[in-house]
Structure formats: C-alpha cells, structure tokens
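Here are the chains, one letter per residue:
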Amino acid sequence: MKLIDKAKFSATALAVAGLFTTSAGFLESAPAYAKAPPKQQVVLDASAVAVADKYSADAAEQIFKEGGNAVDAAVAIAFTLAVTYPEAGNIGGGGFMTLYINGKPYFIDYRERAPLAATRTMYLDEQGNVIKGKSLYGADAVGVPGTVAGMWEAQHRFGKLTWKQVLAPAIKYARDGFEVDEQLAQRRENAEKDFGGKTNFDTYFGNLKQGVNFKQPDLAAVLTRIANQGAREFYNGKTADLIAASMKKDHGLITKRDLQEYKAVWRQPVQANWNGYRVITAPPPSSGGIGLVQLLKMKADRKDDFNNVALNSPQYIHLISEIEKRVFADRAQYLGDPDFYKVPVAQLTDDAYIAKRASEVNPTTPSDTKSVQPGLGTSMPEKAETTHFSVVDKWGNAVSNTYTINGYFGSGVVAEGTGIVLNDEMDDFASKPGVPNMFGVVGSDANSIEPKKRPLSSMSPTILTKDGKVSLVIGTPGGSRIFTSIFQVINNVYDFNMPLNEAVATMRFHHQLLPPNTIFWEPYKPIDGDLAKQVEAKGYTLQAQNFNGDIQAIKINGETPQPVSDPRGRGVTRVIP
C-alpha cells in the first residue's frame, strides 16, 4: 500500500473512466479526499444512518467519530454486514451504489458478472427446459463477486480515512464474534432446508443459533488480508486462489481468471425532475431506476384520476396496478446489461413517451394483460433477500447502497477456507427467455446469459435532491418489488405529506404484469377483510408473498437528518452529532 499512497495522479485524472487502472481494474491511488479534501462546509447538524442491524450502525458511528465521511461510513457498513448480516450482507455478491458528493451525483455498478465459461443454455436440459434449482443452489449458481471491487473504488475515490480504518469494525466482529439474534437464527434454519445435503452451508453456519457469540476466523483472515493488501488481494491473491480452488472442487465455473478480470464500473445515474425534486437513481443493468422514474411520472400524468382517492383504497390499488403493469412490460423487453445491449434509457424516461403510456391506463377496470405490450415495439425473477443502507454526513454528502447475494445465504456455497458466502446471482439472468423466474417475472434476450455479462436487477438505491441539496436517501431489498416499494414510500411522503416513519410503516402492495391481474400483499400488513373483497370485486386476484420489504431511508428536514428503519426488519437508525 505504500506505493499506492505515493501515487501522484490528480483526482480529476483518476475520474476518467478506464485510465490509470491495474489489470484488475482498481484505481492506483490514495483516497482523493485524503490527498486534497474539498472545501466543504458543515451544512447539517448531524450525520445519520439507516442500516440493517445494530452492528453496522455502531461501525458507522465509529467511522464518523474518526472523521470519516458518508462514503467511509458506507464502506464500513458494507463490510460489517458481510459479517453480522450474512444472509444478505456480503463480499461474495454485488450491488449498486448511488452517491451525491460535494453537490454532484455518481453511481458505481459492482454487480456480479457471468463467468467466462457461462453459456446461454447452461440451465436447460436436453429438451430445452429449465432445470429446476440449478440456477439457485450450489456452485453452478454463482456469479463473479463485485462487492470488494465496488467498495474499493468508492472509498478510494471519495473517502477521507484510510482503507484499513474502514475495514477495522468488520474484522473485529469476524474475529471476536457477535451475538446472533432471533431473526438471523430463523433465517439460517429456513435456508438450511433449501441447502441441506446440496452444499457445505452447515459446515460454516451450523452453529449460527440465537444467543450464540458467532465467530468467523476464516472470514476475519480474509478481511485482514484485504485491509492490508487492498481489493486486488480478493481478485488476485490468496483469497482468489481459495475461491477458485473451492469452485473447481464443486464443479463451479468461476476461475481465478474470472476474478482477475472483474471490474466495477462507474456509470451515469438515471436522473429525472419530478414535482420540484431531482431524482437520482440506478441505471442499467438495474431496471429499478427506469421503473421508478416511469412510475413517478406516470402517476403525475394521471393526477386527475387520483383526486380524492384515499391512499391504499381499492381504487388507489387499481390505478397503481395499471401503471405498474406497463412498467413491467417495458422492463421485460428492453432492459439488460448496457455493456452488451443498447438500453433505450432516454426513450423510456422521456416525458412524451411516459405520457403516452399513462394515457393507456384504464381508470375503472384492469386492462387485459395480453393487450399490454412494451411501448417501444414488442418479466425474470430475482430473489427478495437483499439488503440496503442509507447514509448522510454533516457536509451534505449522501450514499444510497443496495447489495445482494440474491437469496438468503446466496447459493448456500461457502468458499472453503474463506468463510465467504457466495451468491446465486446467475438466477437473475433469463435462463430461458420468456419463461418466468421465481418471482413470475419474465425476461427477453436482453437478459440472456453471456460471459462477463451482468444480470438484470431491480435494485434501486435512490437519492432525491431539491435546489442541489439532499432531501431523501432511500432503498430496500425485495427483488422485483424494490422499485414499487420505493415508489409507494416516496408517494406517501411527498403526495400524502406523511411523516417518514409513517410513510415507511404503511401497507405496501405489488403488481408486475404477470401473473395476470394479480396483486401481491405483504405479511406485515396483509390485504384482507373488506379491502380484499373490494379489490377482488374490481377483477383482481390477491396473492400472499412470503417476505416483507426493509426500507432504510433518511429525510432531511431543514438542517436535521431524520433516519427511519423499516419496522418489518431488524434495522437500526443512528444520528451522530
């Protein structure tokens, strides 16, 4: 790291995509802020976080007290959750980070990639049918992890502290242990039923039981090596060797070359003006940012239909479902990895196009599903078990980060000798275009499997600004329900003027084109009783989903950040003066 700390490249030069990188794609520089901190004034009376558990909140507080900024805290949170929230926090998966730093928006894509040996038909049998479970469990389901690369890029571009400082909390929890709570223990039990006999899951997590002080010495060793040697250790060092060896033993596809060639990518975030706010959200390979913008603008275009319509009334549920139906039709046809497929982002978020789509909404009865086609001409399941955290610092910087290993505990495979839970992200590709995935969503050739390709996602880390200042930082897990959940909370806050805590706690629902005219309700606040009867009377089928979302959000009220964690999860908020 001494050579890195002596690097003389300017922060501006380093921001140029693809320049001054190593063979593994990692910036050869000290943190830009550490070398030349920008002249930022304190604009808020505190920093704040909304995170998935208490340990990551403690980590963030430690980082802020050491002088770190929102990016330092975010990276510390991400690594800590890899230890204390192992069902979804990770270094064996990937995700998206939306940033607002010194008044400017940024986005980093560290989504997993398909291995070099991946093929379009790898999950099909001889008759061309999808082999059940092959893309969900075991070594065949694993995509090349991106989290370590993404955290490295973000922290070394914008962090104030050293890399070792931001990894210190995670190393401590892995080495010394943390107390397992009831929810984590239950999720392990549920996952074990899926993985039983198929993977080495129990070897590492058999003792993950409520009240136990759970230690992970292999993972502590990995994190220590990454802290000392940087992200390249994960992709081209001992950890890479261990992952490759484990994959080879289990007949997985990932090789050391796959790891060496992985790169996180800085992309232009999707941005849109809405009701006086600037929406900054995720671009492809996320479908969520485009979907969120379409939902917000389409509802605004149909504002007359919503006059005097009560929140979550049968008519409200119908109108929102009509809008969502069209968004998911577009998602299925047009969205995929922009490095492989030209995604028509500008067209899909164009005001005139969205107004045209809004004009197709039937305000009284459900549109015939077969009549709802993609608007430019002519949906793919992802699991819901992701995690999100939101961060703001006293200088007005913000980070919205969503990352995942797909299902709880990913593929159920732990890379031997590392303690790293590996993802099952390959299930997010269209195993067979036109065939619904586990969420009943279908995909097209734009999301078919190809080597080095990133699968389509719904993760939508989002920041709203007003007059150049952060107003809201928000995100959630939930698979294809992610952007519809964020959309509903934003509506609750800004259209119904609800306090953030009420806006997050209020009932949410979901519709996604397929199955036809089906509305999914959440266990936390089910659609039942008279409401259910009235929704069904409109022509809808109601169906339970087996998970709740977990919104983590921060709203800025004047100079005061108000963080809120979803009561559906075990999240924690923290305000750090």
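Scoring rules and cut-offs
- Residues numbered from 1 in each chain as written.
- Predicted model: local features only at pLDDT ≥ 70, side-chain atom pairs only at ≥ 80, totals over all residues.
- Heavy atoms only, no water.
- Axes fitted to C-alpha atoms, helices over the stretch in contact; angles between N-to-C directions.
- Helix = DSSP H or I, 4+ residues; strand = E, 2+ residues; numbered from the N terminus.
- Parallel < 35°, antiparallel > 145°, perpendicular 65-115°, else oblique.
- Left-handed = near helix turned anticlockwise from the far one by under 90°.
- Contact = heavy atoms within 4.5 Å.
- Nonpolar A, V, L, I, M, F, W, Y, C, P; charged D, E, K, R; others polar.
- Core = buried A, V, L, I, M, F, W, Y, C linked by side-chain atoms within 4.5 Å.
- Buried < 20%, exposed > 50% of the residue type's maximum accessible area, 1.4 Å probe, protein only.
- Polar contact = N/O pair within 3.5 Å; in protein donor to acceptor, adjacent residues only side chain to side chain.
- UniProt positions renumbered as here; feature names shortened; annotations may be inferred.
- 1 Å grid on protein atoms, 1.4 Å probe; cavity = no way out; pocket = protein on both sides within 12 Å on 5 of 7 lines; lining within 4 Å.
- Points joined across faces, edges and corners; volume = space filled by probe spheres on them.
- Phe/Tyr/Trp six-rings, centres within 6.5 Å; stacked < 30°, edge-to-face > 60°.

1. Describing the packing of helix H4 (residues 54-65) against helix H5 (residues 70-84)
Reasoning step 1: For the pair H4 and H5, the least separation of the axes is 8 Å and the interaxial angle reads 150°. It follows from the interaxial angle that H4 and H5 lie roughly antiparallel. Between H4 and H5 lies a crossing whose hand is right-handed. Touching Tyr55, Ser56, Ala59, Ala60, Ile63 and Phe64 of H4 are Ala70, Asp72, Ala73, Ala76, Ile77, Thr80, Leu81 and Thr84, all from H5.
Reasoning step 2: Here the contact of H4 with H5 is composed, by residue class, of ten nonpolar, three polar and one charged.

2. Details of the nonpolar core
Reasoning step 1: Core analysis: the biggest nonpolar cluster contains 86 residues, and Phe79, Ile91 and Val391 have the highest contact counts within it.
Reasoning step 2: Top contributing element to this core by residue count: H5, with twelve residues.
Reasoning step 3: Those residues within four positions of Ile91 in sequence are excluded, and the remaining contacts are Phe79, Ala82, Pro145, Thr147, Val148, Leu219, Val222, Leu223, Ile226, Phe234 and Ile420.
Reasoning step 4: Ranked by size, the runner-up nonpolar core spans 62 residues in total, among them Phe107, Leu319, Ile474 and Val504.

3. Points about the side chain of Thr506
Reasoning step 1: As for its placement among the helices and strands, Thr506 is situated in the loop between helix H20 (500-505) and strand E15 (509-510).
Reasoning step 2: Within the local environment of Thr506, its side chain forms a polar contact with the backbone oxygen of Glu502, the two atoms lying 2.7 Å apart.
Reasoning step 3: Sequence-distant contacts of Thr506, that is, excluding residues within four places in its chain, are made with Leu311, Asn312, Asn492, Met498, Glu522, Lys525 and Arg568.

4. Considering the UniProt feature "active site" (unreviewed entry) in the protein
Reasoning step 1: Under the present numbering, the feature "active site" (unreviewed entry) in UniProt falls on Thr386.
Reasoning step 2: As for its placement among the helices and strands, Thr386 is situated in strand E9 (residues 386-392).
Reasoning step 3: Not counting chain neighbours up to four residues away, the residues in contact with Thr386 comprise Ala88, Thr402, Tyr403, Thr404, Asn406, Met459 and Pro477.
Reasoning step 4: A polar atom in the side chain of Thr386 sits 3.0 Å from the side chain of Thr404.

5. Side note on the environment of Tyr403
Reasoning step 1: Note that Tyr403 resides in strand E10 (residues 398-404).
Reasoning step 2: Sequence separation of Tyr403 and Thr386 is 17 residues, and the distance between their C-alpha atoms is 6.2 Å.

6. Focus: the UniProt feature "binding site: L-glutamate" (unreviewed entry) in the protein
Reasoning step 1: Taking the numbering used here, the UniProt-annotated feature "binding site: L-glutamate" (unreviewed entry) corresponds to Arg111, Thr404, Ile405, Asn406, Asp428, Ser457, Ser458 and Gly479.
Reasoning step 2: Within the secondary structure, Ile405 sits in the loop between E10 and strand E11 (414-415).
Reasoning step 3: Of the residues examined, Ile405 reaches a relative accessible area of 0% and is grouped as buried.
Reasoning step 4: Apart from the residues within four sequence positions on either side, Ile405 is in contact with Pro86, Glu87, Ala88, Asn90, Gly92, Gly93, Gly410, Val421, Asn423, Asp424 and Glu425.
Reasoning step 5: Residue position: Ser458 is located in the loop between strand E12 (420-421) and strand E13 (462-466).
Reasoning step 6: Among the residues examined, Ser458 registers a relative accessible area of 0% and is labelled buried.
Reasoning step 7: Of note is the side chain of Ser458, whose polar atom sits 3.0 Å from the side chain of Arg331.

7. Considering the layout of surface pockets
If you roll a probe as big as a water molecule over the atoms, it shows you where there is empty space left.
Reasoning step 1: Estimated volume of the largest pocket: approximately 850 Å³.
Reasoning step 2: In terms of lining residues, the largest pocket is bounded by 33 residues, among which Ala384, Glu385, Tyr408, Asn546 and Phe547 are the most central.
Reasoning step 3: Only helix H8 (182-195) and strand E17 (541-544) provide two or more residues apiece to the lining of the largest pocket.
Reasoning step 4: With seven residues, H8 is the largest single contributor of residues to the lining of the largest pocket.
Reasoning step 5: The space that makes up the second largest pocket amounts to roughly 420 Å³.
Reasoning step 6: Considering the residues around the second largest pocket, the lining is formed by 22 residues, among which Leu44, Gly468, Lys469, Val470 and Ile556 are closest to the centre.
Reasoning step 7: Counting only elements with at least two residues in the lining of the second largest pocket, the list comes to strand E14 (469-475) and strand E18 (552-557).

8. Considering the packing of aromatic side chains
Reasoning step 1: In the structure shown here, the tally under the stated rule is 24 aromatic pairs.
Reasoning step 2: With a centroid separation of 5.2 Å and 70° between ring planes, the pair formed by Tyr55 and Tyr173 is classed as edge-to-face. One end of the pair, Tyr55, is in helix H4; the other, Tyr173, is in helix H7 (residues 163-176), with 118 residues separating them in the sequence.
Reasoning step 3: Tyr55 sits in the buried class, given a relative accessible area of 12%.
Reasoning step 4: Judged by relative accessible area, which is 10%, Tyr173 ranks as buried.

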